[in-house]
Protein chains: 2
Amino acid sequence: MTKRVENGRPDSAALADVISGLAALLGTRLQTSEALRFQHANMATSVNREPPDAVAFPQTTEEVVAIVRLCASHRVPVIPYGTGTSFEGHVNAPFGGVSVDCSLMNRVLAVHAEDLDCVVEPGITRKALNAHLRDTGLFFPVDPGADASIGGMASTRASGTNAVRYGTMKDNVLALTVVTPEGALVETAHRARKSSAGYDLTRLFVGAEGTLGIITSVTLRLQGIPEAISGGVCPFPSVEAACLATIATIQSGIPVARIELLDALQVRACNLHSGIGLPESPCLFVEFHGSDAGVVEQSERFAELAADLGGGPFTWATAAEERTKLWQTRHDVYWAGFKLRPGAKTIPTDVCVPISRLAECVVATQADIAESRLVGPIVGHVGDGNFHVGLLVDEDDPAEMVRVHAFMERLVRRALSMEGTCTGEHGVGQGKAKYLREEFPAATLDLMGRIKQAIDPLNIMNPGKILL
Amino acid sequence: MTKRVENGRPDSAALADVISGLAALLGTRLQTSEALRFQHANMATSVNREPPDAVAFPQTTEEVVAIVRLCASHRVPVIPYGTGTSFEGHVNAPFGGVSVDCSLMNRVLAVHAEDLDCVVEPGITRKALNAHLRDTGLFFPVDPGADASIGGMASTRASGTNAVRYGTMKDNVLALTVVTPEGALVETAHRARKSSAGYDLTRLFVGAEGTLGIITSVTLRLQGIPEAISGGVCPFPSVEAACLATIATIQSGIPVARIELLDALQVRACNLHSGIGLPESPCLFVEFHGSDAGVVEQSERFAELAADLGGGPFTWATAAEERTKLWQTRHDVYWAGFKLRPGAKTIPTDVCVPISRLAECVVATQADIAESRLVGPIVGHVGDGNFHVGLLVDEDDPAEMVRVHAFMERLVRRALSMEGTCTGEHGVGQGKAKYLREEFPAATLDLMGRIKQAIDPLNIMNPGKILL
């Protein structure tokens, strides 16, 4: 195959040409101030910040096409940008270039209530979309915690607490419009709920982390807001018991909408942060969606399954206030963690394993954290076998950071040894690129490289991510 | 980009070398008899039969690798073969070459009941898999009607009656092992239920119709067999009323497992074939999966929604015998059609549109059938907006066949004009390749072509399918 174009910073004259061309096109919607450039580097985690040379704020697909064509003609990197909430350095510009901030492309283009779908621009956030949908009786279920943009969520194949019931972005994106690295406009599919017409380009761009093009519109599946919701907390004597209860719940066909594991340390953090007063043992936070009678039946059957495994009491409610308080506690785990080590920074990471291996993986990880003298509460989307460790670290302690990095490597390798993956939902970005070589045989990475090369022969689209 | 390799028959000396090499490798598992070669051409429909030059029956992945490498080194086409039940000429060999029949690779390699997944070879059929799973309490839900092979179902992105609840092959394949056109072995993913690690190669091969490689193992999601099932038939005064009842059912969050539209002509055919004695008006066949109480509640709610739209009575049952008879009737629609025109051949085709447009599309199609003086009952996976026309034709009447082909073109264009697709589940193969140019802009087809070129630079893998 053709030799891959090497990464490298663009020629400075070429870069100056691009910046003046974009300023002519966009006026004040092209910015080069240092503050703004640094805001568009990685901000969410401790991955090094690598700012772009300029930030463009397009308002239309046509402007995105013009930006990409100008950059391509000068071989200047293009870095798609949503809200910057990713954890693995996806928005960094290691070779400089132009960050394309889609925040002004945030309109809802169409809502088709009868078809349970909508078409949106990539910059709209999931909360803004759900606010827009409120009167339709529909909602968009994917919830990664952060109020991320839909374009960014599609690009990182995001998921979150609802994925066990409603799937990930892979399952909820029906079609995309994408500007390719050469500035062509690709429609991947139409609004039919399924199709067998050709290669699945939709799924190719979902999770491509902006390395194959910039998404300029997204057609999403929507769900009817359930008639009734019940939810609650169930403590367990051990992580194993909580995981077994999860497996039993799914095997018996209970359509659980959320089932989240918090380990004892995470529960302690939540108690410190929210004063929620939970017993400091492993807990499952669960939620059921359905009819009035259905959610009661599901809750009662879950309580029985939990009790069989020594869990309980399962305290649940259908009233919105109680559930809201509970899920606010769940969503605040990121902030709660800091209570365990005030002044620390957090390093969030995730892996995913088959659920039969989850208990073993979590318990071994807890032991590893203890042996490594680290602080790391664990929270998991346990129905999918996906869990997060939110390490609380002192970045100024080099000896501790050595232990942190060694722990992270072992965490990934433990997941891979259990037929798992180095990331269930955070994506590869820069932080996990090295692990792809451990996760996949060379032929798999060669195939990914061929696809990248075929679609982005100049390697200008978000270079330095996924494939090194 | 590099110029695409033109299609063409292989050099006859090269072909002879390949056949003798394969005979040395496979012994009697390499066949060249005319009868067997013709059996491996398209048999299911009236698409012309184009037999391969030889048929290979590998027993292992290693043998598939050896076959592909030998063919690649001589530029001889390779045509993956499952059960030959596809409708669009997918298994034809328009440029000759070697059909790789996977029927001997039909083992279940692993069942992981706790993880609700299994790993199988591509040649196992869906019924054989479900028979194997019977004692586990699990089942594999995708049901395209024919007892197709899992490898073929993955390759055509098959779906069927259960897709409204359980999704298509796109949603039910977790990972694949694939032999690329150059004979490399690619693992697309592992057994974790979700992953954000790199490009989604799984979904790239699902629906690629064997044009990018040969699948040699498939990891599938399984489902728990529901505690209770209810099902029944509900007549409606019109196609519109049946479609509106479907939309209302889905919008209100009733997790219907199957919802199938039969138009009045199809009901008549079923009455003639099965003596089921249904009222000859549009009908919905529906099925609900859940708990004992849940399926009763779902059935009653559906009956109310149907009645609001003038439908009913909804006759339903939870007893297995009655449901089995009903779904046998549904699965026999292919055979029932012949009762409408004894001696005719059938030309099955499918399109898919957003469900809000389905009634309009079906009604216009019925009018078109009448105006074209054709016989074509309609059956639809109406929850997905997907419907089939089973034209009953006299292939020896050239004037009729002109009307048939003109009708088929209008059917596709009608679906495309409603934001639909030229095929919801049958695939492109040879029969629908020309329509891709109408369904997608040139940039989309260019992107598909680049992917094909990058993965199969010699264009030996199932040439003449999808992309012309």
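Residues numbered from 1 in each chain as written. Chains lettered and ligands numbered in written order. Predicted model: local features only at pLDDT ≥ 70, side-chain atom pairs only at ≥ 80, totals over all residues. Heavy atoms only, no water.

- Within an unreviewed UniProt entry, the label attached to chain A reads D-lactate dehydrogenase (cytochrome), and the organism entered is Lichenifustis flavocetrariae.
- For the record of chain A, the UniProt heading Cofactor (unreviewed entry) holds the text "FAD".
- Annotation of chain A in UniProt includes, under Sequence similarities (unreviewed entry), the sentence "Belongs to the FAD-binding oxidoreductase/transferase type 4 family." (UniProt positions renumbered as here; feature names shortened; annotations may be inferred.)

**Digging into the overall build of chain A**
Item 1. Scanning chain A from N- to C-terminus turns up 17 helices and 18 strands.
Item 2. Against the compact-globule benchmark of 23 Å for 468 residues, chain A has a radius of gyration of 23 Å, which places it among compact chains.
Item 3. Over its C-alpha atoms, taken along the principal directions, chain A stretches across nearly 70 × 60 × 40 Å.
Item 4. Burial statistics for chain A: of 468 residues in total, 63% are counted as buried.
Item 5. Partitioning the intrachain contacts of chain A with sequence separation of at least 6 by distance along the chain shows that 73% fall at a separation of at least 24.
Item 6. Counting only carbon and sulfur atoms, one obtains 52% of the accessible surface of chain A, whose full area is about 15900 Å².
Item 7. Within chain A, the 53 negative side-chain charges are centred at a point lying 3 Å from the centre of the 41 positive side-chain charges. (Helix = DSSP H or I, 4+ residues; strand = E, 2+ residues; numbered from the N terminus. Rg over C-alpha atoms; globule rule 2.2 N^0.38 Å. Buried < 20%, exposed > 50% of the residue type's maximum accessible area, 1.4 Å probe, protein only. Contact = heavy atoms within 4.5 Å. Areas by Shrake-Rupley, 256 points an atom, 1.4 Å probe, with all protein chains shown as cover. Lys, Arg positive; Asp, Glu negative; His and termini not counted. Charge placed at Lys NZ, Arg CZ, Asp CG, Glu CD.)

**Section: the interface of chain B and chain A**
Item 1. Opposite the 85 residues of chain B that make contact, chain A presents 85 residues.
Item 2. Taking both sides of the interface into account, the surface hidden between chain B and chain A amounts to around 7000 Å²; carbon and sulfur atoms contribute 56%.
Item 3. On the chain B side of the contact with chain A, Lys194, Ser196 and Tyr199 of chain B bury the most area, a combined 14% of that side's loss.
Item 4. The salt bridge partner of glutamate 182 of chain B is arginine 450 of chain A, with a shortest N-O separation of 2.8 Å.
Item 5. There are 44 residue pairs in polar contact (both at pLDDT 80 or more) connecting chain B and chain A.
Item 6. In the side of chain B that touches chain A, the residues fall into 37 nonpolar, 26 polar and 22 charged. (Buried area = accessible area lost by both parts, 1.4 Å probe. Salt bridge = Lys/Arg side-chain N within 4 Å of Asp/Glu carboxyl O. Polar contact = N/O pair within 3.5 Å; in protein donor to acceptor, adjacent residues only side chain to side chain. Nonpolar A, V, L, I, M, F, W, Y, C, P; charged D, E, K, R; others polar.)

**As for the relation of the copies chain B and chain A**
Item 1. Laying chain B over chain A is done by rotating through 180° and shifting 0.0 Å along the axis; what remains is an RMSD of 0.0 Å. Taken together, the turn and the small shift mark the pair as related by a two-fold rotation axis.
Item 2. Mapped onto chain A, 100% of the interface residues of chain B are again interface residues, and the two copies thus contact each other with one and the same surface. (Least-squares fit on C-alpha atoms with pLDDT ≥ 70 in both.)

**Regarding helix 17 (residues 442-455) of chain A**
An α-helix turns once per 3.6 residues; consequently, residues spaced three or four apart project the same way.
Item 1. Between its first and last C-alpha, helix 17 of chain A extends 20 Å over 14 residues, near the 20 Å set by a 1.5 Å rise per residue.
Item 2. By the criterion of burial, helix 17 of chain A is predominantly enclosed, with twelve of the 14 residues buried.
Item 3. Looking at helix 17 of chain A, one finds that the buried residues are Ala443, Thr444, Leu445, Leu447, Met448, Gly449, Arg450, Ile451, Lys452, Gln453, Ala454 and Ile455 of chain A.
Item 4. Of the surrounding secondary structure, the elements contacted by the buried residues of helix 17 of chain A are helix 8 (201-205) and helix 16 (433-439) of chain A together with strand 9 (185-187), helix 8 (201-205) and helix 17 (442-455) of chain B. (Expected span 1.5 Å × (residues − 1).)

**Points about the packing of aromatic side chains**
Item 1. Summed over the entire model, instances satisfying the criterion amount to 14 aromatic pairs over all chains.
Item 2. Pairing tyrosine 334 of chain B with tryptophan 335 of chain B gives two aromatic rings, centres 4.9 Å apart and planes at 85°, and the pair type is edge-to-face.
Item 3. Looking at tyrosine 334 of chain B, the relative accessible area reads 30%, which means it is partly exposed.
Item 4. Ring centres 6.2 Å apart and planes at 40° place the aromatic pair tryptophan 335 of chain B and phenylalanine 338 of chain B in the tilted group.
Item 5. The class for phenylalanine 338 of chain B is partly exposed, based on a relative accessible area of 22%.
Item 6. Put simply, the rings of Phe288, Phe302 and Phe314 of chain A touch in pairs and so form one group of aromatic residues. (Phe/Tyr/Trp six-rings, centres within 6.5 Å; stacked < 30°, edge-to-face > 60°.)

**Section: the state of the cysteines**
All names here are of chain A.
Item 1. In this structure the tally under the stated criterion is zero disulfides over all chains.
Item 2. Of the cysteine sulfurs around cysteine 71, a residue in no disulfide, the closest is that of cysteine 102, at 13 Å.
Item 3. Judged by relative accessible area, which is 0%, cysteine 71 ranks as buried. (Disulfide = S-S within 2.5 Å.)

**Overview of the packing of helix 17 of chain A against helix 17 of chain B**
Item 1. Running from amino to carboxyl end, helix 17 of chain A crosses helix 17 of chain B at an angle of 135°, the nearest separation of the two axes being 9 Å. By the angle between their axes, helix 17 of chain A is oblique relative to helix 17 of chain B. Of the two elements, helix 17 of chain A crosses helix 17 of chain B, and the hand of that crossing is right-handed. Here helix 17 of chain A contributes Leu447, Arg450, Ile451, Ala454 and Ile455 of chain A to the contact with helix 17 of chain B, which in turn contributes Leu447, Arg450, Ile451, Ala454 and Ile455 of chain B.
Item 2. A breakdown of the residues in the contact of helix 17 of chain A with helix 17 of chain B according to their chemical character gives eight nonpolar, no polar and two charged. (Axes fitted to C-alpha atoms, helices over the stretch in contact; angles between N-to-C directions. Parallel < 35°, antiparallel > 145°, perpendicular 65-115°, else oblique. Left-handed = near helix turned anticlockwise from the far one by under 90°.)

**Description of the sheet that holds strand 4 (residues 98-101) of chain A**
Residue and element names in this part refer to chain A.
Item 1. Spatial strand order, 1-2-4-3: four strands in an open sheet with mixed pairing. With partners counted over all chains shown, the strands left at the sheet margins are strand 1 (30-31) and strand 3 (78-81), one partner each.
Item 2. Judged from the two bridges that link them, strand 1 and strand 2 (residues 54-56) form a sheet pairing that is antiparallel. From the neighbouring strand, glutamine 31 faces strand 2, where its bridge partner is valine 55. (Pairing = 2+ DSSP bridges.)

**Quick look at the environment of aspartate 53 of chain A**
Residues and elements named next belong to chain A.
Item 1. On the secondary structure map, aspartate 53 appears in the loop between helix 2 (34-39) and strand 2.
Item 2. Once residues within four sequence positions are removed from consideration, aspartate 53 is found in contact with Arg9, Leu15, Ile19, Thr32, Arg37, Gly96 and Gly97.
Item 3. Side chain to side chain, aspartate 53 and arginine 9 meet in a polar contact 3.0 Å long.

**Examining helix 10 (residues 264-274) of chain A**
Residues and elements named next belong to chain A.
Item 1. Within helix 10 the residues assigned to the buried category are Gln266, Val267, Ala269, Cys270 and Asn271.
Item 2. Packing partners of the buried residues in helix 10 comprise strand 13 (256-262), strand 14 (283-290), helix 12 (320-331), helix 13 (333-337) and strand 17 (378-381).
Item 3. Glycine 275 occupies a position one or two residues after helix 10 and carries a positive phi of about 60°.

**Some points on the pairing of strand 18 (residues 386-393) of chain A**
Residue and element names in this part refer to chain A.
Item 1. Across the eight residues that make up strand 18, a large majority, eight, are buried.
Item 2. Here strand 18 shows a buried face lined by Asn386, His388, Gly390 and Leu392 and a second buried face lined by Phe387, Val389, Leu391 and Val393.
Item 3. Bridge analysis of strand 17 against strand 18 gives four bridges, and the strand direction is antiparallel. Looking at strand 18, one finds that valine 379 is bridged to histidine 388.
Item 4. Hairpin connection from strand 17 to strand 18: four residues lie between these consecutive antiparallel strands, with glycine 385 at a positive phi of about 75°.

**Looking at the nonpolar core**
Burial of nonpolar side chains together is a common tendency in soluble globular proteins.
Item 1. Ranked by size, the top nonpolar core spans 184 residues in total, and within it Met169 of chain A together with Met169 of chain B carry the most contacts.
Item 2. Excluding anything up to four places from it in sequence, methionine 169 of chain A contacts Phe140, Val142, Ile150, Met153, Ala154, Arg157, Ala158, Val206 and Leu220 of chain A. (Core = buried A, V, L, I, M, F, W, Y, C linked by side-chain atoms within 4.5 Å.)

**Some remarks on the sheet that holds strand 14 of chain A**
All names here are of chain A.
Item 1. The strand order 15-12-14-13-17-18-16 describes an open sheet built from seven strands, whose pairing is antiparallel. Taken across any chain shown, the strands that pair with only one partner, and hence form the sheet edges, are strand 15 (315-317) and strand 16 (345-352). Pairwise comparison of adjacent strand axes, ignoring direction, gives a mean angle of 15° for this sheet.
Item 2. Direction of pairing for strand 12 (residues 228-235) relative to strand 14: antiparallel, over a ladder of eight bridges. When the bridges of strand 14 are listed, glycine 232 appears paired with valine 286.
Item 3. Contacting strand 12, strand 13, strand 14 and strand 15, helix 11 (residues 292-308) crosses the sheet at an angle of about 155° to strand 14.
Item 4. Packing against the sheet, helix 14 (residues 358-371) makes contact with strand 17 and strand 18, and its axis sits at approximately 10° to strand 18.

**So, the domain arrangement of chain A**
Residue and element names in this part refer to chain A.
Item 1. Per the domain assignment, the segments of chain A are domain 1 (12-103), domain 2 (108-224), domain 3 (228-335) and domain 4 (336-438).
Item 2. With both sides pooled, the region where domain 2 packs onto domain 4 buries about 550 Å², and carbon together with sulfur makes up 41% of that total.
Item 3. By the criterion of area lost to domain 4, the three top residues of domain 2 are Gly160, Val164 and Glu209, representing 55% of everything that side buries.
Item 4. Joining domain 2 to domain 4, the criterion identifies zero salt bridges.
Item 5. Counting the contacts that link domain 2 with domain 4 gives four residue pairs in polar contact (both at pLDDT 80 or more).
Item 6. Its residues assigned to classes, the side of domain 2 that touches domain 4 shows three nonpolar, four polar and two charged. (Domains from an automatic or database assignment.)

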